[in-house]
There are 12 protein chains.
Amino acid sequence: MARVLVIHGPNLNLLGMKEPDLYGSDSLEDINRLLAEVARQHGLELEFFQSNHEGAIIDRLQAAMGSAQGILINPGGFTHYSIAIRDALSAVGLPAVEVHLSNIHAREEFRRHTVTAAVCVGQVGGFGRYSYVLGLLGLKEHLERKGLPGR
Amino acid sequence: MARVLVIHGPNLNLLGMKEPDLYGSDSLEDINRLLAEVARQHGLELEFFQSNHEGAIIDRLQAAMGSAQGILINPGGFTHYSIAIRDALSAVGLPAVEVHLSNIHAREEFRRHTVTAAVCVGQVGGFGRYSYVLGLLGLKEHLERKGLPGR
Amino acid sequence: MARVLVIHGPNLNLLGMKEPDLYGSDSLEDINRLLAEVARQHGLELEFFQSNHEGAIIDRLQAAMGSAQGILINPGGFTHYSIAIRDALSAVGLPAVEVHLSNIHAREEFRRHTVTAAVCVGQVGGFGRYSYVLGLLGLKEHLERKGLPGR
Amino acid sequence: MARVLVIHGPNLNLLGMKEPDLYGSDSLEDINRLLAEVARQHGLELEFFQSNHEGAIIDRLQAAMGSAQGILINPGGFTHYSIAIRDALSAVGLPAVEVHLSNIHAREEFRRHTVTAAVCVGQVGGFGRYSYVLGLLGLKEHLERKGLPGR
Amino acid sequence: MARVLVIHGPNLNLLGMKEPDLYGSDSLEDINRLLAEVARQHGLELEFFQSNHEGAIIDRLQAAMGSAQGILINPGGFTHYSIAIRDALSAVGLPAVEVHLSNIHAREEFRRHTVTAAVCVGQVGGFGRYSYVLGLLGLKEHLERKGLPGR
Amino acid sequence: MARVLVIHGPNLNLLGMKEPDLYGSDSLEDINRLLAEVARQHGLELEFFQSNHEGAIIDRLQAAMGSAQGILINPGGFTHYSIAIRDALSAVGLPAVEVHLSNIHAREEFRRHTVTAAVCVGQVGGFGRYSYVLGLLGLKEHLERKGLPGR
Amino acid sequence: MARVLVIHGPNLNLLGMKEPDLYGSDSLEDINRLLAEVARQHGLELEFFQSNHEGAIIDRLQAAMGSAQGILINPGGFTHYSIAIRDALSAVGLPAVEVHLSNIHAREEFRRHTVTAAVCVGQVGGFGRYSYVLGLLGLKEHLERKGLPGR
Amino acid sequence: MARVLVIHGPNLNLLGMKEPDLYGSDSLEDINRLLAEVARQHGLELEFFQSNHEGAIIDRLQAAMGSAQGILINPGGFTHYSIAIRDALSAVGLPAVEVHLSNIHAREEFRRHTVTAAVCVGQVGGFGRYSYVLGLLGLKEHLERKGLPGR
Amino acid sequence: MARVLVIHGPNLNLLGMKEPDLYGSDSLEDINRLLAEVARQHGLELEFFQSNHEGAIIDRLQAAMGSAQGILINPGGFTHYSIAIRDALSAVGLPAVEVHLSNIHAREEFRRHTVTAAVCVGQVGGFGRYSYVLGLLGLKEHLERKGLPGR
Amino acid sequence: MARVLVIHGPNLNLLGMKEPDLYGSDSLEDINRLLAEVARQHGLELEFFQSNHEGAIIDRLQAAMGSAQGILINPGGFTHYSIAIRDALSAVGLPAVEVHLSNIHAREEFRRHTVTAAVCVGQVGGFGRYSYVLGLLGLKEHLERKGLPGR
Amino acid sequence: MARVLVIHGPNLNLLGMKEPDLYGSDSLEDINRLLAEVARQHGLELEFFQSNHEGAIIDRLQAAMGSAQGILINPGGFTHYSIAIRDALSAVGLPAVEVHLSNIHAREEFRRHTVTAAVCVGQVGGFGRYSYVLGLLGLKEHLERKGLPGR
Amino acid sequence: MARVLVIHGPNLNLLGMKEPDLYGSDSLEDINRLLAEVARQHGLELEFFQSNHEGAIIDRLQAAMGSAQGILINPGGFTHYSIAIRDALSAVGLPAVEVHLSNIHAREEFRRHTVTAAVCVGQVGGFGRYSYVLGLLGLKEHLERKGLPGR
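In this text, all values refer to a predicted model and were calculated from it rather than measured experimentally.

Just give me the short version of the packing of helix α2 (residues 28–41) of chain J against helix α5 (residues 130–146) of chain J, but keep the residues and values in it.
All names here are of chain J. Taken N-terminus to C-terminus, the directions of α2 and α5 make an angle of 30 degrees; their axes are 10 Å apart at the nearest point. Here α2 is positioned roughly parallel relative to α5, judged by the angle of their axes. Viewed along their axes, α2 and α5 form a crossing whose handedness is right-handed. Each of Ile-31, Leu-34, Leu-35, Val-38 and Ala-39 in α2 lies in contact with α5, whose residues at this interface are Tyr-132, Val-133, Leu-136 and Leu-137. A class-by-class count of the residues in the contact of α2 with α5 yields 9 nonpolar, no polar and no charged.

Now, about the relation of the copies chain B and chain A: what can you tell me, with residues and values included?
Overlaying chain B with chain A gives an RMSD of 0.0 Å, the required rotation being 180 degrees about an axis along which the chain moves by 0.0 Å. Seen this way, the second copy is the image of the first under a two-fold rotation axis. Residue B:Val124, judged by its C-alpha, is the member of chain B lying nearest the rotation axis, at 2.2 Å. In this assembly the copies share their binding face: 100% of the residues contributing to the interface of chain B also contribute to that of chain A.

Go over the sheet that holds strand β1 (residues 2–8) of chain I, please, and point to the residues and values.
Sheet architecture is open: 10 strands sit in the order β2(I)-β1(I)-β3(I)-β4(I)-β5(I)-β5(L)-β4(L)-β3(L)-β1(L)-β2(L), paired in mixed fashion. The open sheet has two free edges, formed respectively by β2 (44–50) of chain I together with β2 (45–50) of chain L, since each of these has just one partner strand. Ignoring which end each strand starts from, the neighbouring axes of this sheet average 20 degrees apart. Note: strand β4 (residues 96–100) of chain L against strand β5 (residues 122–125) of chain L, 4 bridges, orientation parallel. Bridging across to β5(L), L:His100 finds its partner in L:Gly125. With respect to the sheet, helix α3 (residues 54–63) of chain I is in contact with β1, β2 and β3 (70–74) of chain I, its orientation differing from that of β1(I) by roughly 175 degrees. Most of the contacts of helix α2 (residues 28–41) of chain L go to β2(L), to which it runs at about 165 degrees, and overall it touches β1 (3–8), β2 and β3 (70–74) of chain L.

Quick one: what's the story with the packing of aromatic side chains, residue by residue and with numbers?
Geometrically, a pair of aromatic rings is defined through the distance of the ring centres and the angle of the planes. Taken as a whole, this structure holds 24 aromatic pairs over all chains when the rule is applied. With 6.0 Å between their ring centres and 70 degrees between their planes, J:Phe78 and J:Tyr81 make a pair best called edge-to-face. A relative accessible area of 0% places J:Phe78 in the buried class. Arranged with centres 5.8 Å apart and planes meeting at 80 degrees, the rings of J:Tyr81 and K:Tyr81 form a pair that is edge-to-face. With J:Tyr81 in the loop between β3 (70–74) and α4 (83–92) and K:Tyr81 in the loop between β3 (70–74) and α4 (83–92), the pair connects residues from two separate chains. By the ring-pair criterion, three or more aromatic residues cluster together here, those being A:Phe78, A:Tyr81, F:Phe78, F:Tyr81, I:Phe78 and I:Tyr81.

Summarise the relation of the copies chain A and chain I; cite the residues concerned and give the values.
A rotation about an axis combined with a shift along that same axis relates the two copies of the chain. When chain A is fitted to chain I, the residual RMSD is 0.0 Å, and the transformation amounts to a turn of 120 degrees plus an axial shift of 0.0 Å. The transformation relating the two chain copies, once decomposed into turn and shift, fits a three-fold axis. Little of the interface of chain A is mirrored in chain I, where only 11% of its interface residues again form contacts.

Can you tell me about the interface of chain A and chain I, naming the residues and giving the values?
Taken together, the contact between chain A and chain I spans 18 residues of the former and 16 residues of the latter. With both chains or domains summed, chain A and chain I bury close to 1,500 Å², and 52% of this area falls on carbon and sulfur atoms. Together, A:Gln62, A:Ile83 and A:Ala91 form the three largest contributors to the area buried by chain A at its contact with chain I, with a combined 33%. Put simply, chain A and chain I have 2 salt bridges between them. A:Asp87 is the partner of I:Arg111 in a salt bridge, and the nearest nitrogen-oxygen pair spans 2.8 Å. Here chain A is connected to chain I by 10 residue pairs in polar contact (both at pLDDT 80 or more). Among the elements of the structure, α3 (54–63) and α4 (83–92) of chain A are those that each provide at least two residues to the side of chain A that touches chain I. When residues in the side of chain A that touches chain I are grouped by element, the largest group, 8 residues, is from α4(A). Of the residues that constitute the side of chain A that touches chain I, the class distribution is 9 nonpolar, 5 polar and 4 charged.

Could you give an account of the pairing of strand β5 (residues 122–125) of chain H, naming the residues involved and the relevant values?
The alternating pattern of β5(H) places H:Gly122 and H:Val124 and H:Gln123 and H:Gly125 on opposite faces, both of which are buried. In terms of strand pairing, β5(H) meets strand β5 (residues 122–125) of chain K through 3 bridges, oriented antiparallel. Bridged to H:Gly125 within β5(K) is K:Gln123.

So what about the side chain of C:Asn11? Which residues, and what values?
Within the secondary structure layout, C:Asn11 lies in the loop between β1 (3–8) and α1 (20–23). On the accessibility criterion, C:Asn11 (9% relative accessible area) is buried. From its side chain, C:Asn11 meets the backbone oxygen of B:Ala84 in a polar contact 3.0 Å long. Discounting chain neighbours no more than four positions away, the residues touching C:Asn11 are B:Ile58, B:Gln62, B:Ala84, B:Asp87, B:Ala88, C:Gln50 and C:Asn52.

Kindly report on helix α2 (residues 28–41) of chain G, identifying the contributing residues and their values.
Residue and element names in this part refer to chain G. Between the first and last C-alpha of α2 there are 20 Å, a value that for 14 residues agrees with the 20 Å anticipated at 1.5 Å per step. Looking at α2, one finds that the buried residues are Leu-28, Ile-31, Asn-32, Leu-35, Val-38 and Ala-39. Each buried residue of α2 lies within a common arc of 125 degrees when the element is viewed along its axis, so the set occupies one face. For α2, the exposed residues set more than 90 degrees away from the buried face come down to Glu-29, Arg-40 and Gln-41. On its buried face, α2 sits against β1 (3–8), β2 (45–50), β3 (70–74) and α5 (130–146).

For the pattern of salt bridges, give the residues involved together with the corresponding values.
This model, assessed by the stated rule, comprises 140 salt bridges over all chains. For the salt bridge of G:Glu108 with G:Arg107, the shortest nitrogen-to-oxygen distance reads 4.0 Å. In this structure G:Glu108 comes out as partly exposed when scored by relative accessible area, which is 28%. Among the ionic contacts, a cluster of salt bridges with common partners joins A:Arg86, A:Asp87, I:Arg107, I:Glu108 and I:Arg111.

Give me the interface of chain B and chain A: which residues, what numbers.
Across the boundary between the two partners, chain B contributes 24 residues, which contact 24 residues of chain A. Taken over both partners, the interface formed by chain B and chain A buries close to 2,100 Å², and the fraction arising from carbon and sulfur atoms is 55%. Across the chain B-chain A interface, the total number found is 0 salt bridges. At the surface where chain B touches chain A, the tally comes to 12 residue pairs in polar contact (both at pLDDT 80 or more).

What counts and what doesn't
- Within any chain, residue numbers begin from 1 and follow the written order of that chain's sequence.
- Lettering for chains starts from A, numbering for ligands starts from 1, and both go in the order in which the items are written.
- Local features in this predicted model are restricted to residues whose pLDDT is 70 or higher, and side-chain atom pairs enter the listing and the counts only when it is 80 or higher, whereas totals over whole chains, interfaces and linings include all residues.
- Side-chain measures were taken over the full set of non-hydrogen atoms in the model, leaving aside hydrogen atoms and water.
- Note on geometry: axes are C-alpha line fits, over the in-contact stretch for helices, and angles between N-to-C directions span 0 to 180 degrees.
- Strands are runs of DSSP state E lasting at least two residues, helices are runs of H or I lasting at least four, and both sets are numbered from the N terminus onward.
- Geometric relationships in this document are graded by angle, where less than 35 degrees denotes roughly parallel, more than 145 denotes roughly antiparallel, 65 to 115 denotes roughly perpendicular, and other angles denote oblique.
- By convention the crossing between two helices is left-handed if the near helix lies anticlockwise of the far one by an angle smaller than a right angle, and right-handed if it lies clockwise.
- Note on definitions: a residue-residue contact is assigned when non-hydrogen atoms from the two residues lie within 4.5 Å.
- Residue polarity is assigned by list, with Asp, Glu, Lys and Arg as charged and Ala, Val, Leu, Ile, Met, Phe, Trp, Tyr, Cys and Pro as nonpolar; anything else, Gly included, falls into the polar class.
- Only residues with pLDDT of at least 70 in both copies contribute their C-alpha atoms to the least-squares superposition of the copies.
- When DSSP finds two or more bridges between two strands, those strands count as paired.
- Ring pairs shown here join Phe, Tyr and Trp side chains whose ring centres sit within 6.5 Å, with only the six-membered ring taken for Trp; geometry is labelled stacked below 30 degrees between planes, edge-to-face above 60, and tilted in between.
- Remark: exposure states derive from per-residue accessible area (1.4 Å probe, protein chains only) relative to the maximum for the residue type, with buried under 20%, exposed over 50%, and partly exposed in between.
- Buried area: the sum, over both parts, of the accessible surface (1.4 Å probe) that disappears when the two are put together.
- When a carboxyl oxygen of Asp or Glu is within 4 Å of a side-chain nitrogen of Lys or Arg, the pair counts as a salt bridge.
- Pairs of N or O atoms are called polar contacts if they sit within 3.5 Å, as long as, within protein, a hydrogen donor faces a hydrogen acceptor (for residues adjacent in sequence, only side-chain-to-side-chain pairs).
- Expected helix span is given by 1.5 Å per residue-to-residue step, counting one fewer step than there are residues.
- This arc describes the spread of directions from the helix axis toward the C-beta atoms.

Everything listed here is a matter of geometry and, on its own, says nothing about what the molecule does.
Dropping the structure here:
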């Protein structure tokens, strides 16, 4: 049974409280609950982590080495400049999927550039909370096709 | 029962014959068969269309008005410059999901820019043929959440 | 009596059905009828052509050599990247006028750049269907001032 | 009966004296006479203003509030950098049409960018003095379609 | 008692008549009255000048040499390109504060670049008419801290 | 009585110890004392927070929801790249004012671009410690004009 | 005996009729006849294809798989933007040589960038119709040195 | 005897009063006196004009048609953006020489670009007041070599 | 005896575990042990600090004021965007040397730009763990030549 | 009998010794021998010159005036920046053909830009040593079509 | 009596033989003879040097230390990229004047950027051979005003 | 015993004579003497070469094939544009280390880009003459770790 680390980047803890037009009305807890349900159906084990701290996200990614087989990450605002998180994803070496609630290509120009995507398996964005579900399914499919890393 | 138009852009008819490292070993027919199976499970009806002609893709998108409720599109090379397809997606007004077999952010610089994404609901890329499955599920979820257009 | 080829680029066949805020509520047929009436008053003969295919537009432009004396063209989305249509306009050598329904300078950044304009006599944009009328009058004036080509 | 303010930007007072290849052999007076004739036929009243002073053009635009219903402007060289004139057009709020004698897309690179066009109704360029006539007709059509402002 | 020259750039004389969403409903006279009241409380003497003419603003800045000890300036649209006003501010050598009614960083891209700011003491923007008050207080504080120039 | 959260970004805790030419000789405590005095006079309550950690600043901004009515922030070096702080300011939704000790337009090129300013009410910069005072007054004025948020 | 597919892009069917200064006075038929003669001398078999349709060129390239051993292509205006043709050349996998009649480095700036060249064996340009002859010889040499593909 | 119009752009009337490090300690009158002396020695007649108004400079340039045979111009800050002055120089058609007191290539980046130089005969810069003398000699040499215009 | 603070940026704690092709097979502990040995030979005292947190690195840099005489820093991914660390290095004012394990000029384009280098004494990169040794020797040499700061 | 100067730029003397993957295994002597054979067959006389010195190449190009009728040049690394060689080719005025062993469009970004190509008749690249042969044939054809220069 | 080193860059030895439209019909010897005459009148001693070799120019510049008091240089094509010559001018430390025969601002875009100008006293361009004369006079004036270096 | 070729680029022969603030007061001979001493201690044999000629540096690099095992190079101004030297370093294939006396990241913008670094083992800069010593030690370490090339 594969274990997946789910990482929520900065400000995602505010989900559901503000800007529902942009991000929907679900809270982060709602999303995690939904993910947990989907994971249960697909025989995956999930660990959740949210932080507004770039360093804490890197620490957590590193801690996944040896304990998790894949990463589902919404880097939030860090998507666009955190080369340090990119390097962490690359160094940890676990298959990762990048997800976004909104369609980053339909927003401000600076949101169209992502520094983290190049070291991920794939990306999903624009489906609200369901982006996470799709990302998780994609990660599972990838793990099955390639075999679990580190085993 | 919602009907979804699946559009495959230029050169996708060659899938499975060439460059398996980049695009996998599935043929386009394999992908369509997989999609049809998934659609059947989720109560969706699919129509398939592949063309190497930008204009034919626009014609087909326009023809979907009134007959389909959503669009699943892999614009292939047109992703990066076809403002005409972008305008077609926008004018037709059906919810569309953009999918890519490979991770466009891990390839040549010019592939990181997409002109079509901004007028789609969302995007999925990097999961090989499974990108299509995820895109279809995302589209279905969107249709259920927003209600079917044109009804 | 001069003959003018009127070319409507991609998605203009949808006029009146969608996005009236942007393009007005006239159908393409309404525009053609209006143009025909204006042409009749000014002693011009019109031929109409609409296509979503870049290649078909080039074919039609080439076919105008010897049969038409001027071109009225709304290249639609092709305005911004079709060097092939630009080359066709240049090779055919007939005086051409570029028209746009909307004001391309008040829209997305990428719509402000036109590759076709440099090989046209002039441009008209922003007046809705009336852009065509103005473009036709401008073309007529040009033909009268310079004399008809190819005679 | 609508009143239209016609503004000629810097160096247009030299028309007909120099560079006929680029701008034609008509003097500014010829253009104004032609415009007056067209206006008379269409029941428009015209006021003419030419200045080489950016500030004087802004003053005149502001003075049009309450007295004119539309603006026909050839900003000349100011087209490419005068944000102050752009702001004046925007603040005055009257429908304006930008015209150019030559085809700005077929000249130096820096002439292809216009800062004023985005706050105008539309643009006409490349038809020599006839650009003004077309611009005036376009403005009249706009005023009729939208109704006169400030009444 | 220090004397401050208050300069309002192009189109600011229209304040209160147009675009209240962007610039508020105060007229320029309201702003000047408010500033005069604040100046009186802080022992400052004010001179007001508004012009739509870049050259007139430069003339007025130069005339301030010897008669004023500081400058409060809203260069309006000139902010973004008038190197001549920048040079005037620099040559005159009086401490100057740049103010803007709106937040220039939340508007069009071209408004984010200011050529005049680099030769000013500081900047205030986004507070409507109150930007002027804050700018004046900042200028006074600067004059007190550095001593009055030219004495 | 409105409560305002005052946030000092990275390295501002060193104020007064180093680089007095650039930032003046006041310590951060001096600035806070000055601000407290100004706040007392204007019936505002202040909370101070300084951190070198982007994440800690985001945490603190989020904690202000429900407890503060406005934000006075000097993002320091984060001004130029922290999209995460920008997103926090935007998500928290409280009126914020950005202040800088120095004139960022008179320094290195990369300091002229600010990613946080677009989601603030306004900006003040270049007045040393007095930038904070002006920013606070501007924030108070904004709160009075718009009414306090979240009440 | 190797078979080579010769592809002429958009507007090349007009050769000899227009713009002889730029492209010479030979018709496309003249060029094909010359090529056929050269091919005969070198034991090559040629197939000719001209189209103004990007999609038709892609279709034809794909059809060459299994029937031809090399490609000689003048993509015309498509040279500068057709990523779809680039992808076709890459997917088909046959050695291709890109030729141009004129020297693209001595023309407009936008003609200096080619998106198709990177997936070709080599390039020849600037020799008028003789560019084709040189390209064919270069392709033959390449086939002999590397051995024929797909055999 | 040729007549030369000498134009001094914005802020040059302040010469000698401010920034001697950058522009030297000569006043504008000193420069004019020096030029007059040089002109006398070389049989030239000079007219002087200084203005801070772009429009006034254009007016004066136009007035030189028919009365002067050459132009010596230091456009000051207008050098870098006044396309209107460039157009005036071009329309007036008299040989012009651009001079600068300082070396514009050794100052801020934005001063290295000149929009007016392309329509002048030549340029001289970096020699302080002596730049004017050299420019005048260069203009005289040009007039002698080419013959006086307009005679 | 001079004390040097050695700072290892994000992900450097993973050294030796991953990507040996890029960074070598030494662990961070190996590097520190090597450095300690070199320091002992050269009469330097070292303090080591590694963090994935930008803020923690800034805190640690600030804490070095008064206790260390020099800084040896590998900012890892922060090299390319952390203006906050740059400001910390600048504010702390101790001589710093920037080191990189790999040759940043032979990797991705975005790694060629460093924001921190401009405020360091010098840089060493491309020698694997030996970059640290060279950087330490360079720092020592600098301290001896300039004298120890803060004494 | 026409004489052609063959110029090999920097590092081409190392051909065959290094990097055979990139440039093939032929030595420069092999290439020259091949070229001499081809020249003999086509009635051309060749002179060979190789240098790593930009100035020596310019000297040699100049010396060709009056003695040679055409130039075949592989400028090597100078291709991308030597405006001096470009100027020499232009000043000498002999028809020149630029050749490259490798396909410069399939290598590093900076190799895609050539400053010398614009003043040559044409270009050939990507065929290894055979690029030279093709270039020579192209030059001969050009000489025959245009007539020999300088006779 | 001051000695001035006159340096002519690459291809200037061809003057008068080619491209008279661009550079005039004078030979380099004519220019030197003219300069010698002017120098004699002004009590200057000249040394002439022409080379197509960047390194030879640097060698000659260095040799001027101690023997010459000023430099008159036309760097030719090196103007636009030779940072090595710029560094030589800067290291040698003698006042230098840059001259150009043609107006570099009226030619190709890449000729508008000069890397050498920033370390010169001033520049003269556009006056044909007379640019040298003006440059020499400017250099003399500079030497007199500042005093001779190295004495 | 490994032999290392030490190359000093243009203007480095002037070291110690000029600009000591930037480059220190050591002469090139001092640096070579220091290097020789260090080499002796580490069992390395050195050959020294300085030239202001790009081509001579390339010649010397090529001559090192077979005689030297490593290269220590300060390309001086060539660092920023000499693709020919880059190609020489790459073709010669010996491990090379790039050194700079000054910190190129703390100088003009154009000095931050190096074209030669990408083909070197590593870089050292900012330590004055000691940069060479560090570079030599780094090169030695590299040779020991990888084994000597060409043996």
